[in-house]
Amino acid sequence: MARAIVLSGGGSKGAYQIGVWKALRKLDISYDIVTGTSVGALNAVLMVQRDYIKAVWLWYNMSFKKIFKNKISGDYYTKEGKNLIYKTYAHAILDGGMNIEQLEMTVQKALNVKKVYHSPIDFGIVTVKYPELKPLQLRKNNIPKTLLKDYLIASASCFPAFQKKKIGNSQYIDGGLYDNLPINLAIDMGATEVIAVDLEEIGRKRKVKNQNIPITYISPNNDIGSFLIFDKTMARRCMRFGYYDAMKVYGKLDGKKYTFKQGQLQQNYDKYFNQFVKNFRLCLPIASKNIFLENMMKISVLKCFIEPVKNSHTYQLWNKEIEHLGEIFHQEECKIYNIHHWNKQIIAHYQMLQQDPVFEQEIKKNQIKKWLHNEYTVHYLCDLMMHYPKKQKSLSHLCLLFPHEFLQAVYIKTIMEDAS
């Protein structure tokens with residue numbers, strides 16, 4: 001058995017892969033082969049060296065200065081700063097690409113050639129010869145030691161944003177042009193099992209030739225920023241998400257976009273679901289004389305909770321609405337939640353909100369789109385439920401216009417009853 005780690009390209013998003021590596025270390029998952037493209041190649045060589053601490057330090061302190069000779073100024077977290085950064089890239093593209101001499105120096109400091117070639121872990125990378133656009137897939141045993149750094153830089157030369165890399169008389173560009181997730185290379189190198197960390201960035205991904213090889217995919221559930229922004233705050237956030245997502249894949253943490261301690265979403269479901277269904281039926285304004293309303297209910301997301309079967313599908317829908325509620329209520333994504341504290345924060349946010357005075361007026365004018373996925377809509381629906389059945393007529397219309405927000409309001413009502 002030979003397990004391979006396959007790392008995709010993705011520029012600054014590469015920090016995510018170090019978070020995955022942290023999870024693999026915690027789970028005691030070993031590997032025999034590492035293949036990578038672009039930033040995946042740079043991270044791959046650190047995994048071959050087994051220099052985890054060095055990799056963490058590198059990404060933890062990431063900045064434009066570690067990548068480019070060109071001076072980049074501008075705060076990515078402001079609109080003006082973001083525009084300034086992208087203008088710098090645009091001007092560089094017209095001039096042949098960003099100068100990546102600083103990246104070469106950064107790689108030189110991190111690279112330990114002796115460790116790489118003495119490591120029992122095999123290693124493969126992808127680059128593309130330019131202008132022929134001929135792919136070059138290289139294994140450790142056919143990369144000259146003196147050229148290892150150069151081929152790593154070649155794999156990561158994201159042309160036209162970055163300058164091309166010259167090796168000998170030839171020029172090379174980013175391997176993502178041929179295969180941004182080199183699973184086939186890992187299989188050709190003898191992998192019988194693959195863990196593929198896909199940053200889902202631009203680049204070509206080849207169809208896996210051998211469908212009999214088990215592949216575990218790990219990819220971001222959250223927005224991890226632009227692949228062109230090299231910023232330590234963003235890199236640190238990416239690392240956390242990489243760790244969370246890998247632990248979720250292996251069942252050690254719960255959730256999707258949000259992260260919960262192991263088993264707590266199931267506990268929450270077991271504790272509240274029956275009461276949730278009771279509140280749902282109580283507040284769901286189905287009247288037998290309103291055939292149109294009944295039929296509309298049956299084709300919306302609400303139908304799953306009219307006569308719910310307590311199974312994995314219902315469990316997933318329930319948790320999806322809870323996470324949507326967290327998003328609407330601006331819960332922080334980059335932390336691990338205890339479900340009890342999560343519920344307390346949801347209640348606190350609900351109680352803090354004051355109803356938007358124009359909501360009812362705009363709904364009467366059919367201004368619906370603005371109020372979809374909106375915290376004030378959830379707040380309004382929950383308030384109506386608190387005054388049921390006096391507000392049954394209003395709920396009759398709004399539950400169809402805002403089915404997700406209706407379900408989220410039912411959830412708030414349910415956990416508030418338990419807290420009181």
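Everything in this summary refers to the structure shown in the same document. (Residues numbered from 1 in each chain as written. Predicted model: local features only at pLDDT ≥ 70, side-chain atom pairs only at ≥ 80, totals over all residues. Heavy atoms only, no water.)

Focus on the sheet that holds strand 11 (residues 336-337)
In space, the 3 strands of this open sheet follow the order 9-10-11, with mixed pairing throughout. Either end of the sheet is taken by a strand with one partner, and the two such strands are strand 9 (253-254) and strand 11. Bridge count for strand 9 against strand 10 (residues 259-261) is 2 bridges, and the pairing is antiparallel. If you follow D254 over to strand 10, its bridge partner there is F260. (Pairing = 2+ DSSP bridges. Helix = DSSP H or I, 4+ residues; strand = E, 2+ residues; numbered from the N terminus.)

Things to note about the side chain of K13
Position of K13 relative to the elements: it lies in the loop between strand 1 (3-7) and helix 1 (15-26). Judged by its relative accessible area of 10%, K13 is buried. Within polar-contact distance, the side chain of K13 engages the side chain of E201 at 2.8 Å. Discounting residues that sit within four places of it in the chain, K13 has contacts with L199, E201, I224, G225, S226 and F227. (Buried < 20%, exposed > 50% of the residue type's maximum accessible area, 1.4 Å probe, protein only. Polar contact = N/O pair within 3.5 Å; in protein donor to acceptor, adjacent residues only side chain to side chain. Contact = heavy atoms within 4.5 Å.)

Re the packing of aromatic side chains
Counted according to the given criterion, the structure contains 27 aromatic pairs. Between F276 and F305, the ring centres sit 5.6 Å apart and the planes meet at 70°, which makes this aromatic pair edge-to-face. A residue pair is termed long-range when its members are at least 10 positions apart, and F276 in helix 10 (residues 264-283) and F305 in helix 12 (residues 303-306) qualify at 29 residues. Note on F276: relative accessible area 3%, which makes it buried. Assessed through its relative accessible area of 2%, F305 is described here as buried. Taking 4.9 Å as the distance between ring centres and 85° as the angle between the ring planes, the aromatic pair formed by Y337 and W342 counts as edge-to-face. For W342, a relative accessible area of 0% corresponds to the buried category. Lying across the ring of Y243, K22 places its NZ or CZ 4.6 Å from the centre. Its end group placed over the ring of Y60, R236 keeps NZ or CZ at 3.7 Å from the ring centre. (Phe/Tyr/Trp six-rings, centres within 6.5 Å; stacked < 30°, edge-to-face > 60°. Lys NZ or Arg CZ within 6 Å of the ring centre and 35° of its normal.)

A few points about the layout of surface pockets
Where empty space is left becomes clear once a probe the size of a water molecule has been rolled over the atoms. Of the volumes computed, that of the largest pocket is approximately 510 Å³. Forming the boundary of the largest pocket are 33 residues, of which G11, S38, V39, A156 and D174 lie nearest the centre. Where the lining of the largest pocket is concerned, the elements lending two or more residues are helix 2 (39-49), helix 3 (52-60), helix 5 (101-110) and strand 6 (170-174). Counting residues per element, the lining of the largest pocket draws most heavily on helix 2, at 5 residues. Residue classes in the lining of the largest pocket are distributed as 22 nonpolar, 9 polar and 2 charged. By volume, the second largest pocket amounts to about 320 Å³. (1 Å grid on protein atoms, 1.4 Å probe; cavity = no way out; pocket = protein on both sides within 12 Å on 5 of 7 lines; lining within 4 Å. Points joined across faces, edges and corners; volume = space filled by probe spheres on them. Nonpolar A, V, L, I, M, F, W, Y, C, P; charged D, E, K, R; others polar.)

Some details on the packing of helix 16 (residues 375-386) against helix 18 (residues 403-419)
Direction vectors running N to C along helix 16 and helix 18 enclose 55°, while the axes themselves pass 8 Å from each other. Regarding the angle of helix 16 to helix 18, the classification is oblique. Where helix 16 crosses over helix 18, the handedness of that crossing is right-handed. Residue-level contacts link T377, V378, L381, C382, M385 and M386 of helix 16 to E405, F406, Q408, A409, V410, I412, K413 and M416 of helix 18. (Axes fitted to C-alpha atoms, helices over the stretch in contact; angles between N-to-C directions. Parallel < 35°, antiparallel > 145°, perpendicular 65-115°, else oblique. Left-handed = near helix turned anticlockwise from the far one by under 90°.)

Just geometry here; none of it tells us what the structure is for.
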